[in-house]
Amino acid sequence: MTHTETMPIEDYLAQGGVLTSPDNVPARYRGELLRLMASFVDSELAGSAGFADIINDAPGIQERISAARIVLEKTDHAGQILKVMESFGADGGRYAVHHPWAERLARDADIGAARQKGDMRLSVFHYPLGGWVDAVVMNVLMGKAGVIQLRELSHVSYQPLAEVFRRILPREARHLELGIAGLERIAANPAERDTAMASITYWRPRVAASFGLSGSVRFGTLARFGLRHTPNETLFAEWQADVEAQLSALKLI
């Protein structure tokens, strides 16, 4: 007998069960899984598009190489997840061009955590970068959030997707390391410190919104499906502590 014949699918998943094929995925689970994947793909495509525009602002060859690497690998990560989406019937070729990924809102816009017009990117990726220092600050703050969130996603109950997230995680962690190295150089330059501190003030609340609401009802649904395991507020607290420690070490707060 299969697991679906011996216990309800939600019980199976809540107890750590995994699914391995689109053929045995219930409709509601499928919807939540596709939403999760779309959010990641859209965020990676939007993030890489925004960072591509900033490469020419890099102050040196090594910084340009680092920025170009981040753009390339984030686009590749989106492609890897999109292949999983294609197994559920998504049109990968059309999907990759269905939004203007480099498009941004006004710098002073305030959309909280809201999605925009069917675009599933995290809200933080709707805001424009304001030069090289600003881009480095955003990369560090969002990079720390991304690594924490990817560790969580590496345990999703859809096994083919979890395997892709586990492959992606080390490269995203490397992007964060490149960002921290850049921020260390900026923090050591008195002419750039004020700009960096203003960027930290700007980006911290916008990155914080990417963790979602405390006590989220939707988290309960995702947890029952094994698509989430750690509450939003726990992930957010980890990020807050990590950011505080990093910025304090660099004397940027």
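Residues numbered from 1 in each chain as written. Predicted model: local features only at pLDDT ≥ 70, side-chain atom pairs only at ≥ 80, totals over all residues. Heavy atoms only, no water.

1. Focus on the nonpolar core
Rules: Here the nonpolar core consists of buried residues drawn from Ala, Val, Leu, Ile, Met, Phe, Trp, Tyr and Cys, with membership extended through side-chain atoms lying within 4.5 Å. Only protein chains enter the accessibility calculation, which uses a 1.4 Å probe; a residue is then buried when its area is under 20% of its type maximum, exposed when over 50%, and partly exposed in between. For the purposes of this entry, the term helix denotes a DSSP run of H or I that reaches at least four residues, the term strand denotes a run of E that reaches at least two, and both are numbered from the N terminus. In what follows, residue pairs with any heavy atoms lying within 4.5 Å of each other are defined as contacts.
Core analysis: the biggest nonpolar cluster contains 82 residues, and Y29, M37, I81, Y158 and L161 have the highest contact counts within it. Secondary-structure elements contributing two or more residues to this core are helix 2 (9-14), helix 3 (27-52), helix 4 (61-86), helix 6 (132-153), helix 7 (159-187), helix 8 (190-208) and helix 10 (232-249). Here this core takes 14 residues from helix 6, the largest share from any one element. Among all residues touching I81, those that are not within four sequence positions of it are M37, F40, V41, L161, V164, F165 and I168.

2. So, the side chain of Q149
Following the sequence through the fold, Q149 ends up in helix 6. Given the relative accessible area of 16%, Q149 is considered buried.

3. Looking at unusual backbone geometry
A positive phi angle is found at K251, which is not glycine, with a value near 55°. Secondary-structure assignment places K251 in the segment after helix 10.

4. Points about the confidence of the model for the protein chain
The following threshold applies: The predictor attaches a confidence to each residue, and that confidence, scored 0 to 100, is pLDDT.
On average, residues of the protein chain score 92 in pLDDT, and 97% of them reach the 70 mark or higher. Considering each helix and strand of the protein chain separately, the mean pLDDT is smallest for helix 1 (residues 3-6), with a value of 52, and largest for helix 6, with 98.

5. Quick look at the packing of helix 3 against helix 7
Put simply, the rule reads: Axes, fitted as lines to C-alpha atoms, cover a helix only where it is in contact. Angles between the N-to-C directions of the axes lie from 0 to 180 degrees. Under this scheme an angle from 65 to 115 degrees is roughly perpendicular, one under 35 degrees roughly parallel, and one over 145 degrees roughly antiparallel; angles in between are oblique. With the far helix as reference, a near helix turned anticlockwise by less than a right angle produces a left-handed crossing, and one turned clockwise produces a right-handed crossing. In this classification, the charged set is Asp, Glu, Lys and Arg, the nonpolar set is Ala, Val, Leu, Ile, Met, Phe, Trp, Tyr, Cys and Pro, and all remaining amino acids, among them Gly, are polar.
Viewed as axis vectors pointing N to C, helix 3 and helix 7 meet at an angle of 25°, and their least axial separation amounts to 13 Å. With respect to helix 7, the axis of helix 3 lies roughly parallel. The handedness of the crossing between helix 3 and helix 7 comes out as left-handed. Along the contact surface, helix 3 presents L33, L36, M37, F40 and E44, while helix 7 presents L161, F165, I168 and E172. Among the residues making up the contact of helix 3 with helix 7, the classes are represented as seven nonpolar, no polar and two charged.

6. Regarding the environment of G226
Residue position: G226 is located in the loop between helix 9 (217-224) and helix 10. Taking relative accessible area as the criterion, G226 reaches 3% and is therefore assigned buried. Separated by 215 residues in sequence, G226 and D11 have C-alpha atoms that sit 9.6 Å apart. Residues in contact with G226, not counting those within four places in the same chain, are L13, H155, V156 and S157.

7. Thoughts on the pattern of salt bridges
Quick reminder of the rule: Any carboxyl oxygen of Asp or Glu within 4 Å of a side-chain nitrogen of Lys or Arg constitutes a salt bridge here.
On inspection of all chains with the given rule, the structure shows 15 salt bridges. Here E73 and R69 are joined by a salt bridge, their closest N and O atoms 3.3 Å apart. Of this pair, E73 and R69 both sit in helix 4, separated by four residues, roughly a single helical turn. For R69, a relative accessible area of 33% corresponds to the partly exposed category. Put simply, E238 and R151 hold a salt bridge, and the shortest N to O gap is 3.3 Å. On the criterion of sequence distance, the pair formed by E238 in helix 10 and R151 in helix 6 is long-range, its members being 87 residues apart. Judged by its relative accessible area of 38%, E238 falls in the partly exposed class. In this structure R151 comes out as partly exposed when scored by relative accessible area, which is 43%. The network of salt bridges with common partners includes R69, E73, D76 and R171.

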